[in-house]
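Examining the three-dimensional arrangement
Here's the letter readout for the chains.
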Amino acid sequence: DAGVIQSPRHEVTEMGQEVTLRCKPISGHNSLFWYRQTMMRGLELLIYFNNNVPIDDSGMPEDRFSAKMPNASFSTLKIQPSEPRDSAVYFCASSLSRSNEQFFGPGTRLTVL
Amino acid sequence: DAKTTQPPSMDCAEGRAANLPCNHSTISGNEYVYWYRQIHSQGPQYIIHGLKNNETNEMASLIITEDRKSSTLILPHATLRDTAVYYCIVRVAFGNAGNMLTFGGGTRLMVKP
């Protein structure tokens, strides 16, 4: 298995632009998570899907952020409009519901100028 | 989820055992102790988890005190590749919340030659 796949690996954009991050979970996993990591705030859970349905989005910082999971093999995290403070590494993880282990992707490093 | 307290950093000599402590004095009866680690520039990786009994797998051992208020992760023979940030996480065992991880600051372990 290729593991959790994220694209792009690096994204540099200008303030105000729309950014879309993509994630392909491990086949068969039915839970998907989006995390954000910064030096100041550490690793934060943004949103969690179970069976393609958003279960907890309390970590989504504001309305500029939105996440979708149209099917079991694909999810997107969109930021519109982007701001410099959104610069971070965004991780996607997947697991089986109530599994002991979440599998993390390699992350997308986002820089907003 | 119960709050955890870990030392911010530790050093260990290569080949020696690394003992990483974690305090979780407010843990409740339905909460497990999980350990993840994050090697530089990678996503977090699951190591081990336990409820009340000591656990061992191919990566590490987990020792949980009888009152469950603290635990120690043991890497029996640390190598340079074990240099990473180690996160101790307490999470409930059931329900949707049981799928969610809350990362604290972790312990930065530096294995030295």
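Residues numbered from 1 in each chain as written. Chains lettered and ligands numbered in written order. Predicted model: local features only at pLDDT ≥ 70, side-chain atom pairs only at ≥ 80, totals over all residues. Heavy atoms only, no water.

A look at the pattern of salt bridges
Once their charged atoms are close, side chains differing in charge can pair, the charge on each being opposite to the other. The full count for this structure, using the stated rule, is 10 salt bridges over all chains. Two residues, lysine 78 of chain A and glutamate 18 of chain A, come together in a salt bridge whose shortest N-O distance is 3.8 Å. Here lysine 78 of chain A is found in strand S8 (residues 74-79), whereas its partner glutamate 18 of chain A is found in the loop between strand S2 (10-13) and strand S3 (19-24), with 60 residues between them in sequence. Looking at lysine 78 of chain A, the relative accessible area reads 30%, which means it is partly exposed. In this structure, aspartate 82 of chain B and arginine 37 of chain B form a salt bridge, with 2.8 Å as the shortest nitrogen-oxygen distance. Here aspartate 82 of chain B is found in the loop between strand S7 (70-75) and strand S8 (84-92), whereas its partner arginine 37 of chain B is found in strand S3 (residues 31-38), with 45 residues between them in sequence. The pair aspartate 82 of chain B / arginine 37 of chain B is uniform in exposure class, with both members buried. When salt bridges that share partners are traced, they join Glu62, Arg64, Glu83, Arg85 and Asp86 of chain A into one network. (Salt bridge = Lys/Arg side-chain N within 4 Å of Asp/Glu carboxyl O. Helix = DSSP H or I, 4+ residues; strand = E, 2+ residues; numbered from the N terminus. Buried < 20%, exposed > 50% of the residue type's maximum accessible area, 1.4 Å probe, protein only.)

Remarks on the interface of chain A and chain B
Each partner contributes residues to the interface: chain A has 20 residues there, and chain B has 17 residues. Across the chain A/chain B interface, buried area totals approximately 1600 Å², and carbon plus sulfur atoms make up 49% of it. One can count zero salt bridges joining chain A with chain B. The tally of links between chain A and chain B comes to two residue pairs in polar contact (both at pLDDT 80 or more). Those elements giving two or more residues to the side of chain A that touches chain B turn out to be strand S4 (31-38), strand S5 (42-50) and strand S6 (53-56) of chain A. A breakdown of the residues in the side of chain A that touches chain B according to their chemical character gives nine nonpolar, eight polar and three charged. (Contact = heavy atoms within 4.5 Å. Buried area = accessible area lost by both parts, 1.4 Å probe. Polar contact = N/O pair within 3.5 Å; in protein donor to acceptor, adjacent residues only side chain to side chain. Nonpolar A, V, L, I, M, F, W, Y, C, P; charged D, E, K, R; others polar.)

Some words on the pairing of S5 of chain A
Residues and elements named next belong to chain A. Most of S5 sits inside the fold, with eight of its nine residues counted as buried. Taken together, the three bridges between S5 and S6 define a ladder with antiparallel strand orientation. Within S6, the residue paired with asparagine 50 across the bridge is valine 53. Counting the residues between successive antiparallel strands, the hairpin from S5 to S6 contains two residues, one of them, asparagine 51, with a positive phi of roughly 50°. (Pairing = 2+ DSSP bridges.)

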